[in-house]
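Geometric and topological summary
Listed below are the residues making up each chain.
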Amino acid sequence: MVTFLSGGTGTPKLLWGADAVFPREETTVVANTGDDVEIGGLLVCPDVDTVLFERADLIDRDRWWGIAGDTERTHEAMADLAERLGTSDGPHYLPDGRQTDGRRIARWRRFAAVPPFMTLGDRDRAIHGVRTSLLDQGYSLTEVTRRLADAFDLRVDLLPMSDDPVASIVHTPDGGMHFQEYWVAERGAPAVESVEFRGGEDAAPTDAVLTALDDPVVVGPSNPITSVGPILALDGVRDALEETPVVAVSPFVGDQVFSGPADDLMRAEGYDPSTAGLAEAYPFADAFVLDSADDTELDRPVVRTDTEMNDRADASRVARAVHEALEAVR
Ligand code: FO1
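Residues numbered from 1 in each chain as written. Predicted model: local features only at pLDDT ≥ 70, side-chain atom pairs only at ≥ 80, totals over all residues. Heavy atoms only, no water.

With that settled, the discussion passes to the site of the ligand. Not every one of the 13 residues close to the ligand is listed here, only the nearest: G8, D35, D47, T119 and Q180. At 2.7 Å from an oxygen atom of the ligand is found a side-chain nitrogen or oxygen belonging to D47. Contact with the protein chains covers 91% of the free accessible surface of the ligand, which is 530 Å². Elements that contribute at least two residues to the shell around the ligand include exactly α2 (46-55) and α6 (179-185). Of all the elements, α6 adds the most residues to the shell around the ligand, at 3 residues. Partitioning the shell around the ligand into residue classes produces 6 nonpolar, 3 polar and 4 charged. (Near = heavy atom within 4 Å. Polar contact = N/O pair within 3.5 Å; in protein donor to acceptor, adjacent residues only side chain to side chain. Areas by Shrake-Rupley, 256 points an atom, 1.4 Å probe, with all protein chains shown as cover. Helix = DSSP H or I, 4+ residues; strand = E, 2+ residues; numbered from the N terminus. Nonpolar A, V, L, I, M, F, W, Y, C, P; charged D, E, K, R; others polar.)

Okay, structure coming up:
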């Protein structure tokens, strides 16, 4: 058995090649939920869905989010409505008091439907509608995710990190904003002062997550701060990782990040945006997989390979390196 900790693009890309060495029936994926948002009443779980769509072979492999070939008719209709309503400026948060009303799981990240700032494809939106409705029927996010995973015959155990709300808030000189506003609406441009996982101190990992952390763990090449950070912030997760073999794949080549905002976020949290900073952020990691061109010297075992993943063969190569690193530390 093996458990992957997953955020956005990097770890789902690695999973693309995982079948080569990690049988699906023996694989658990714990997905970050700090990126989740409620938009117009629908709970959107980007990091859960990226794994769901990747393992169901539905993912748009150019963007690494959403469903390949999805239409955007509702999104376009909403943009048109926003124009007519005169509300086409940036994301509209619901009023402060409403941020903690309603579904508890969606606290602190509630947005109006218009203007639509995240592009939700029509099939993608259907998933959010069904997920939200199942939550309202009384299922936990873990149960809803299992039902969706079964419906798409995933054969991996896909777990949200928690059934409690955690919202990744990026603090900038102009105030705090949810990660999705920072990343999607603002294109990662605002200066980052710090990152807060609102709710993290009261949120618990589920029993299923804690059980999965008894198995060897792979921390994929996802953003260490906003993808993996919320998982690490949950009570008991770091302790569990200290007790089990952990291999981490660097999302950096030396001090160059493959994609996304890891650079600014690492710096804001006091880490060097590099493989060396990653090793500092992951003291529980027993071994690392680094790119062949990354000559960072670490105090723990390293397996090197070309870690750029543009197709399944690339991803399989990296998955094999992860397997080799795990074998060396377990
Ligand atoms: N990323 C974008 O850059 N623009 C979008 O409009 C956008 C919409 C979106 C909708 C659903 C979803 O599951 C993900 C979406 N993403 C979008 C990706 C998302 O912002 C991030 O990649 C992850 O949260 C990072 O892990």
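Under the defined criterion, the tally for this structure stands at 6 aromatic pairs. An angle of 50 degrees between the planes, with centres 4.8 Å apart, marks the rings of F111 and F117 as tilted. You'll find F111 and F117 in the same group, each marked buried. Taken together, the ring pairs connect Y93, F111 and F117 into an aromatic cluster. Just above the ring of W65 sits the side chain of R63; from NZ or CZ to the centre is 3.8 Å. A cation sits over an aromatic face here: R187 above W183, 5.9 Å from the ring centre. (Phe/Tyr/Trp six-rings, centres within 6.5 Å; stacked < 30°, edge-to-face > 60°. Buried < 20%, exposed > 50% of the residue type's maximum accessible area, 1.4 Å probe, protein only. Lys NZ or Arg CZ within 6 Å of the ring centre and 35° of its normal.)

Below, the discussion takes up the sheet that holds strand β8 (residues 175-178). To summarise the sheet geometry, strands pair through backbone hydrogen bonds and adopt either a parallel or an antiparallel arrangement. Taken in spatial order, the 3 strands of this open sheet run β8-β7-β9, and their pairing is antiparallel. Of all strands in the sheet, those bounded by a partner on one side alone are β8 and β9 (194-198). In this sheet, neighbouring strand axes are inclined to one another by 30 degrees on average, regardless of whether the strands run parallel or antiparallel. As paired elements, strand β7 (residues 167-172) and β8 share 4 bridges and run antiparallel to each other. Across the sheet, the residue bridging to T172 is G175, located in β8. (Pairing = 2+ DSSP bridges. Axes fitted to C-alpha atoms, helices over the stretch in contact; angles between N-to-C directions.)

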